[in-house]
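Results of the structural survey
Listed below, chain by chain, are the residues.
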Amino acid sequence: IVSNPFSRLKIPKPPKKIMATFSQYQIESLLGVMSGSAEGYRDMVIILTLLDTGFRVDELINLKMDNVWLEEGLTKVLGKGNKERLVPVGKQIRKMLWRYITQYRPEPARPNLDNLFLNRDGRPLTKNRVDSIMKRYGKMAGLTGIRCSPHTLRHTFAISYLRNDGDVFSLQKILGHSSLEMTRRYCELANVDIKK
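Residues numbered from 1 in each chain as written. Predicted model: local features only at pLDDT ≥ 70, side-chain atom pairs only at ≥ 80, totals over all residues. Heavy atoms only, no water.

What to know about the overall build of the protein chain
Secondary structure summary: the protein chain contains eight helices and three strands in total. Seen in sequence order, the protein chain has helices and strands lined up from the N terminus as α-α-α-β-β-β-α-α-α-α-α. For the protein chain, the spread of C-alpha atoms along the principal axes amounts to about 70 × 40 × 35 Å. Taking the contacts inside the protein chain whose residues are at least 6 apart along the sequence as the reference set, 55% of them involve residues at least 24 apart. For the protein chain, the computed accessible surface area is about 12,200 Å², with 54% contributed by carbon and sulfur atoms. (Helix = DSSP H or I, 4+ residues; strand = E, 2+ residues; numbered from the N terminus. Contact = heavy atoms within 4.5 Å. Areas by Shrake-Rupley, 256 points an atom, 1.4 Å probe, with all protein chains shown as cover.)

Structural data, given as structure tokens:
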């Protein structure tokens, strides 16, 4: 046909899903089931680092020792589109990271391996491994009605940041969003939360 009959029709917007976040109780339950082993400590530090920084899981597993500056409370991560950014780290997490590095981090499998988080064989963790760690602890803690994943920790970080008077522009920089559009979704969610 010569003309498109749908040219004047507006495409409906996809439904907006509310991003689920962990409650304080759920986080405490998650941390409460972790063992005191070296692996258990590493897993706790991973979860708390994700919760404290809002890292994507790829950013966490590719974080290099040279890019963790505990004295300054900063990390340099490589985000989407190979964009580097600085992300602040809280005082408590800095202490935990220092303890992990000095006491629990395994010897790297290769001399030039610089990843911060390693498995017990000294090789870098994979995205799937971190996902399965989260799922396992979620199951052990009996968490239901929420997706137990690293990305849920990122959502939880963003909402907590806004709840604690963080501004949307700083949040955008910390999360590594190229536009305010995604960050605005967190604002909308925080507003719903405030209303409640």
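Quick notes on the nonpolar core
Counting residues in each nonpolar core, the largest one holds 45 residues, and the members touching the most others are Phe22, Leu97, Phe117 and Tyr186. Of the residues forming this core, the biggest block, seven residues, is contributed by helix α2 (residues 38-53). Filtering out sequence-adjacent residues up to four positions away, Phe117 remains in contact with Arg42, Val45, Ile46, Thr49, Leu60, Leu97, Tyr100, Pro124 and Leu125. (Core = buried A, V, L, I, M, F, W, Y, C linked by side-chain atoms within 4.5 Å. Buried < 20%, exposed > 50% of the residue type's maximum accessible area, 1.4 Å probe, protein only.)

A closer look at the pattern of salt bridges
All told, the structure shown has eight salt bridges when counted by the stated rule. The shortest N-O distance in the salt bridge between Asp43 and Arg136 comes to 3.7 Å. Here Arg136 lies in helix α5 (residues 127-141) and Asp43 lies in helix α2, a separation of 93 residues in the sequence. The salt bridge involving Arg56 is made with Glu59; its shortest N-O contact spans 2.7 Å. (Salt bridge = Lys/Arg side-chain N within 4 Å of Asp/Glu carboxyl O.)

Considerations on the packing of aromatic side chains
Applying the stated criterion across every chain yields a total of three aromatic pairs. The aromatic ring of Tyr41 is capped on one face by Arg99, whose charged end is 4.9 Å from the ring centroid. One Lys or Arg, Arg136, reaches over the ring of Tyr137 and ends 4.7 Å from the middle of that ring. (Phe/Tyr/Trp six-rings, centres within 6.5 Å; stacked < 30°, edge-to-face > 60°. Lys NZ or Arg CZ within 6 Å of the ring centre and 35° of its normal.)

Details of the sheet that holds strand β1 (residues 68-69)
The three strands lie next to each other as β1-β2-β3, forming an open sheet whose pairing is antiparallel. Looking at which strands have only one partner, the edges of the open sheet turn out to be β1 and β3 (84-88). Relative to β3, strand β2 (residues 74-78) is paired through five bridges, and the arrangement is antiparallel. Considered in β3, the bridge of Lys76 is made with Leu86. (Pairing = 2+ DSSP bridges.)

Looking at the pairing of β3
Two faces belong to every sheet, and in a regular strand the side chains alternate between them. Here β3 shows a buried face lined by Arg85 and Val87 and an unburied face lined by Glu84, Leu86 and Pro88. Hairpin geometry of β2 and β3 is characterised by an intervening segment of five residues between the two adjacent antiparallel strands and by a positive phi of about 70° at Gly81.

Examining the side chain of Asn119
Looking at the element boundaries, Asn119 is found in the loop between α4 (91-104) and α5. Among all residues touching Asn119, those that are not within four sequence positions of it are Arg42, Pro106, Pro124 and Leu125.

Considerations on α2
Relative to the 22 Å expected for 16 residues at 1.5 Å per residue, α2 spans 22 Å between its end C-alpha atoms, a close match to the ideal helical length. By the criterion of burial, α2 is predominantly enclosed, with twelve of the 16 residues buried. Inspection of α2 places Gly40, Tyr41, Arg42, Asp43, Val45, Ile46, Ile47, Leu48, Thr49, Leu50, Leu51 and Thr53 among the buried residues, and these make up the whole buried set. The positive-phi residue at the C-terminal boundary of α2 is Gly54, with phi of around 75°. (Expected span 1.5 Å × (residues − 1).)

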